[in-house]
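Structural overview for review
What follows is the residue order along each chain.
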Number of protein chains: 2
Amino acid sequence: MGDARRFLSIDDEFQMVHGRLRQPTIAYETLGELNESRDNAVLILTGLSASAHVASNVEDPTPGWWEDVVGPGKPIDTHRYFVVCVCSLGSFFGSTCPASTDPSTGSAYRLTFPMLTLEDIAHGAKCVIDHLEIKRLHSVVGASMGGMSVLAFALMYPDAVNAMLNISAGANSQPFSIALRSLQRELVCNDPKWLNGEYPFDQQPQEGMRLARKLGMISYRSSQEWRDRFGRERITDADANVHTNPFGMDFEIEAYLSARARSFMDAFDANCYLYLSRAIDLFDAADHGGSVQLAINRLGIERATILGVQSDFLFLPDQQRELKNAMSSAGIRVEFEILDSIQGHDSFLVDMNRFRPAIAAHFNRS
Amino acid sequence: MGDARRFLSIDDEFQMVHGRLRQPTIAYETLGELNESRDNAVLILTGLSASAHVASNVEDPTPGWWEDVVGPGKPIDTHRYFVVCVCSLGSFFGSTCPASTDPSTGSAYRLTFPMLTLEDIAHGAKCVIDHLEIKRLHSVVGASMGGMSVLAFALMYPDAVNAMLNISAGANSQPFSIALRSLQRELVCNDPKWLNGEYPFDQQPQEGMRLARKLGMISYRSSQEWRDRFGRERITDADANVHTNPFGMDFEIEAYLSARARSFMDAFDANCYLYLSRAIDLFDAADHGGSVQLAINRLGIERATILGVQSDFLFLPDQQRELKNAMSSAGIRVEFEILDSIQGHDSFLVDMNRFRPAIAAHFNRS
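Since this is a predicted model, take the numbers as computed values, not measurements.

**Some details on helix H4 (residues 206-220) of chain A**
Counted at 1.5 Å a residue, the expected span for H4(A) with its 15 residues is 21 Å, and the 20 Å between its end C-alpha atoms agrees. By the criterion of burial, H4(A) is predominantly enclosed, with 13 of the 15 residues buried.

**A closer look at helix H10 (residues 317-329) of chain A**
Two residues of an α-helix separated by three or four positions point the same way, owing to the 3.6 residues in each turn. Spanning 13 residues, H10(A) covers 18 Å between terminal C-alpha atoms, matching the ideal 18 Å at 1.5 Å per step. Taken as a whole, H10(A) has its buried residues at A:Pro317, A:Gln319, A:Gln320, A:Leu323, A:Ala326 and A:Met327. Buried residues belonging to H10(A) abut helix H2 (145-156), strand E10 (163-167), helix H9 (292-297), strand E11 (303-309) and strand E12 (333-339) of chain A together with helix H5 (223-229) of chain B. Once H10(A) finishes, A:Gly331 follows within two positions and takes phi at roughly 85°, a positive value.

**Let's talk about the layout of surface pockets**
All names here are of chain A. Counted as a void, the largest pocket has a volume near 1,000 Å³. As for the largest pocket, its lining consists of 44 residues, and the residues nearest its centre are Ser49, Ala50, Ser51, Trp65 and Phe93. Elements supplying a minimum of two residues to the lining of the largest pocket: helix H3 (175-190), H4, helix H7 (252-265), helix H8 (270-282) and helix H11 (347-350). The element that contributes the greatest number of residues to the lining of the largest pocket is H4, accounting for five residues.

**Observations regarding the nonpolar core**
Buried together is how nonpolar side chains tend to be arranged in soluble globular proteins. Counting residues in hydrophobic clusters, the biggest one holds 196 residues, and the most contacted among them are A:Phe153, A:Met327, B:Phe153 and B:Met327. Apart from residues lying up to four places away in sequence, A:Phe153 is in contact with A:Leu43, A:Ala122, A:Ala125, A:Lys126, A:Ile129, A:Leu137, A:Val140, A:Ala160 and A:Val161.

**What to know about the state of the cysteines**
Residue and element names in this part refer to chain B. Under the definition given, this model contains zero disulfides over all chains. For Cys97, which is in no disulfide, the shortest distance to another cysteine sulfur is to Cys272 and amounts to 3.5 Å. Using a relative accessible area of 0% as the deciding quantity, one classes Cys272 as buried.

**Here we look at the packing of aromatic side chains**
Summed over all chains, the structure comprises 35 aromatic pairs over all chains. When the ring of A:Phe247 is compared with that of B:Tyr275, the centres are 5.3 Å apart and the planes differ by 90°; the resulting orientation is edge-to-face. In this pair, A:Phe247 is assigned in the loop between helix H6 (238-244) and H7 and B:Tyr275 in helix H8 (residues 270-282), connecting two distinct chains. In this structure, A:Phe247 and B:Tyr275 share a single accessibility class: buried. Between the aromatic rings of B:Trp66 and B:Phe348, the centroid separation amounts to 6.3 Å while the plane-to-plane angle is 90°, which identifies the pairing as edge-to-face. With B:Trp66 in the loop between strand E5 (41-45) and strand E6 (70-71) and B:Phe348 in helix H11 (residues 347-350), this pair connects stretches of sequence that are 282 residues apart. For the pair formed by B:Trp66 and B:Phe348, the shared burial category is buried. In textbook terms, an aromatic cluster arises when at least three aromatic residues are bridged by ring pairs, as seen for A:Phe176, A:Trp226, A:Phe230, A:Tyr256, A:Phe313, B:Phe176, B:Trp226, B:Phe230, B:Tyr256 and B:Phe313. Above the face of the A:Phe336 ring, A:Lys324 is positioned so that its terminal group lies 4.9 Å from the ring centre.

**Some remarks on the environment of B:Asp130**
Residue and element names in this part refer to chain B. Here Asp130 is to be found in helix H1 (residues 118-131). A relative accessible area of 41% places Asp130 in the partly exposed class. Asp130 sits 66 residues away from Asn196 along the chain, and the two C-alpha atoms are 37 Å apart.

**Quick word on the sheet that holds strand E1 (residues 6-9) of chain B**
Residues and elements named next belong to chain B. Ordered by their spatial adjacency, eight strands build an open sheet running E1-E4-E8-E5-E9-E10-E11-E12, and the pairing between neighbours is mixed. Edge strands, defined here as strands with exactly one partner in the open sheet, are E1 and strand E12 (333-339). Along the sheet, successive strands turn relative to each other by an average axial angle of 20°, direction set aside. Packing against the sheet, helix H12 (residues 352-364) makes contact with E5, strand E9 (139-143), strand E10 (163-167), strand E11 (303-309) and E12, and its axis sits at approximately 165° to E10.

Reading guide: rules and limits
Numbers given to residues run from 1 along each chain, matching the order in which its sequence is written. Chain letters and ligand numbers both follow the written order, the letters beginning at A and the numbers at 1. Reporting in this predicted model follows two pLDDT cut-offs: at least 70 for local features of residues, and 80 or more for side-chain atom pairs to be given and counted; totals over whole chains, interfaces and linings ignore these cut-offs and use all residues. As a rule here, side-chain values cover all heavy atoms of the structure and leave hydrogens and water aside. Working definition: helices are DSSP H or I runs of at least four residues, strands are E runs of at least two. Numbering for both runs from the N terminus. Expected span, for any helix, means 1.5 Å times one less than how many residues it has. With a 1.4 Å probe rolled over the protein chains alone, any residue whose accessible area is under 20% of its type maximum counts as buried; one over 50% counts as exposed, and the rest are partly exposed. Contact definition: two residues touch when any of their heavy atoms are within 4.5 Å. Using only the protein atoms, space was sampled on a 1 Å grid; points where a 1.4 Å probe fits but cannot get out form cavities, open sets with protein on both sides within 12 Å along at least five of seven lines form pockets, and lining residues are those with an atom within 4 Å of a point. Grid points are joined across faces, edges and corners, and a volume is the space filled by probe spheres set on the points. Take the buried Ala, Val, Leu, Ile, Met, Phe, Trp, Tyr and Cys residues and link them wherever side-chain atoms come within 4.5 Å; each set so joined is a nonpolar core. Counting rule for disulfides: a pair of cysteine sulfur atoms within 2.5 Å. Pairing of aromatic rings covers Phe, Tyr and the six-membered ring of Trp, with a centre-to-centre limit of 6.5 Å; geometry is then stacked below 30 degrees between planes, edge-to-face above 60, and tilted otherwise. Working rule: Lys NZ or Arg CZ, within 6 Å of ring centre, within 35 degrees of ring normal, means a charge sits over the ring. Any two strands between which DSSP finds at least two bridges are classified as paired. In this analysis an axis means a line fitted to C-alpha atoms, helices contributing only their contacting stretch, and an angle means the value between N-to-C directions, from 0 to 180 degrees.

So, in structure tokens, the structure goes:
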């Protein structure tokens, strides 16, 4: 299993919204070829738990997290576009993060890492785009946290973006999703093994991370999907389980969540998770202009595609509608669609029959 | 502050679905007067965390949990009806529960309490109704867990119920709400102070209960309500807080949840909570007939009013619709309404402008 990542080492001090980093690294992967006029580049920023490995390629043939969307002949067609997927600053998959060594101390940053914002993530991505000598991106593309990050990018660098594909995100975080993320962070911080962020890296607060992930799984999907998939099916060995622990697992949905939460447990650093989770809460496009509308008025994009999902209760369709309306008012050409997917917030990762054509349409309009 | 509770001591052995209890007690309160023909009685069964104190009365003038609904001249008018509100078997507010002493051992039941079902709660209520020498109830009324409990009651005692008012419940629990409750229980059981149920009663697993309550609060309300109420308001002393803990509270919604969760912490016994929570998961009307429809066909009620709330994502409007359709198919006269309340599952406790007339209509139709 190869590694397709490139690592951009930033020589200068990197200014963040709430602090600075010395010589950070930004990891990224690219697919396809930059054309001579350097105007076919597509920047993808990711959700909270995704890496820069968006799709398989020669160097790393393992499937990427958006394998069905990015590649030759796919909706984001790497025969036509030069795709750059950046690992968010603060994320655990190769960019400088709270688990990285602070060159000024020789120890890991941990909680001395400055408060992270999505603007910092956009700034890190801009360093990569500059390094690749791309003046103006064909499109920026992001879903969930990635959708907010590309919005931050387009607000900060209005000359650098031609079009935006924004999926299941919004102009800011709303209190319901803040409440869920706040509780998730509390579950991690309440784990005695978190040790106020000073845990040994091979002894993560796995129990807290597992509980946080379970809550995430619940909020990423929808009632309807689980009703269709699991109904009231019982675990086959439920009897034995119930006899040993009266509050143990009994239903299929409980076993499913348990298995999925465990699979995430070891894959992510707890402090990185906490920083990224908080960064989502903090984002508000209004910070870029006094109100959401005033901020959107400053965008330099010509057109946008805004997609959402009817069953998403983490980033509500109302939030995508608000973004669409603000862009329309700002004179941007906007295509807008709320898809009928039943898989909730996660639909962009799984309901490919609906998302593939909707994403392809954005690129076919260009 | 007086105590209006009556306590029915059951002399015989009390047969439960999954075990038996020796001489349990069922607590209840009554309001109004039973008429001579004994046909004006209304039985109210409660949600998970409510007591039998449904409304203020002479003996206990403190406001009850449904103060706006039950009382003289109110939608459930105690000038006209004899109201009996029963404390669920297994609940902490006076009926026999896992925190009660097992007469055969002299110690608290704790986890030796038999697996609890809503059928057992209905059975306990039936003992009270028999004790009061009521042959047939004018109506059974319940919301949330109480709605399922009165459905269990009507299925088990088809001759004892004339009409049903069923609010924000369903014919069974669906996997999304099972998942939420399963995680809540896990939060309690993961608290080191739970001690596998053997905690001293004055040293409850408060941290686990607090986290479970926070998750409950999130699932009982709705995105829209919190957006309207809290938006992205910051805590006034947020700066100080953020500087001491980078993942501390920053938004008003976080402070609200924190305060509300603490207020619940000391009011309920952890093992009782676990038993009641599981009982909700386990309920399925289909157990009374092979399918929901076959069970509903056996009901002896003449009419029903089924209410739900558009913004409820714990007991979805689809579940109330399913119940309505099954009753209609069974030849029961059904009034059905999904209210536009934005307060989610909790609306029946707070959106009185919508619920008062909808509840009054049930009684005015009689």
